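# Structural overview
One-letter residues, chain by chain:
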Amino acid sequence: MATEVLRDGRTAVIRALKPQDRDGLLAAVGRTSDQSLYRRFFTFKRRFTDREVDFYVNADFVSHVALVAVLEEDGRPVIVGGARYIVVQPGQAEIAFAVDDVHQGQGIGTALMRHLVALARQAGLRELTADILPDNAAMLKVFEISGLGITTRREPDVTHIVLQLPSVSLLHGEGLGTAG
């Protein structure tokens, strides 16, 4: 669990998604516009089957990692965004994000990205991939400001993103010997 100060000065808690977050996650989806849901799922999706919801809330934190951003509103914690990665092959995972409309533009996606990347590095992942709609400029910006190596391939209906993750040992200077 970590806290992040948002652009408007409020504090968000970034933490692991838990199965008991089911109602809070569904409430967040209910507050999200059709356009934002379309950008996340590439289809107009307002309803989810019990099996889909079970999949989303039961991350194993090995091959499926899911985080939520929680704000206190009216004295109670409210899930306002989420991010996840799912390992698709050794060393590589697909990532996805969603933030409810009222809370977009506050840095929640960037905060979620930072924590998801840290977990991916600790897990030994080398790449994170995402497919985003070409008009989803906000999500593209989150990737661009991540500080990671980024490869972008644009097609008419989708933009493919590959983010390169440096290994944890390189981040701490291990293996970066100097000649002397």
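Check the entry above for the structure.
Here goes a summary of the coordinates provided. Chains are numbered independently. Their residues run from 1 in the order of the written sequence. Only residues with pLDDT of at least 70 are given local features in this predicted model, and only at 80 or more are side-chain atom pairs given and counted; all residues enter the totals for whole chains, interfaces and linings. To obtain the side-chain values, all non-hydrogen atoms of the structure were included, while hydrogens and water were left out.

### Structural notes on the side chain of Gln106
Comment: elements are numbered from the N terminus, with helices defined as DSSP H or I runs of at least four residues and strands as E runs of at least two. Structurally, the position occupied by Gln106 is in the loop between strand S5 (92-99) and helix H4 (108-122). Classification of Gln106 as buried rests on a relative accessible area of 18%. Beyond its immediate stretch of four places on either side in the chain, Gln106 contacts Leu6, Arg7 and Asp8. A 1.4 Å probe rolled over the protein chains alone gives each residue an accessible area, and that area as a share of the maximum for its type sets the label: buried under 20%, exposed over 50%, partly exposed in between. Contact between two residues is taken to exist if any of their heavy atoms lie within 4.5 Å; hydrogens are not considered.

### What about the sheet that holds strand S1 (residues 2-5)?
Reading across from one edge, S1-S2-S3-S4-S5-S6-S8-S7 is the order of the eight strands in this open sheet, with mixed pairing throughout. Every other strand in the sheet has two partners, leaving S1 and strand S7 (149-154) as the edge strands with one partner each. With strand direction ignored, the average angle separating the axes of adjacent strands in the sheet is 25°. One requirement defines pairing of two strands: DSSP has to find at least two bridges between them. As paired elements, S5 and strand S6 (residues 127-132) share three bridges and run parallel to each other. Residue pairing in the sheet places Glu94 in a bridge with Thr129 of S6. Think of each axis as a best-fit line through the C-alpha atoms, taken over the contacting stretch in the case of a helix, with angles from 0 to 180 degrees between the N-to-C directions.

### Quick word on unusual backbone geometry
With a phi close to 60°, Phe61 is a non-glycine residue in the positive phi region. As for its placement among the helices and strands, Phe61 is situated in the loop between helix H3 (50-57) and strand S3 (64-73).

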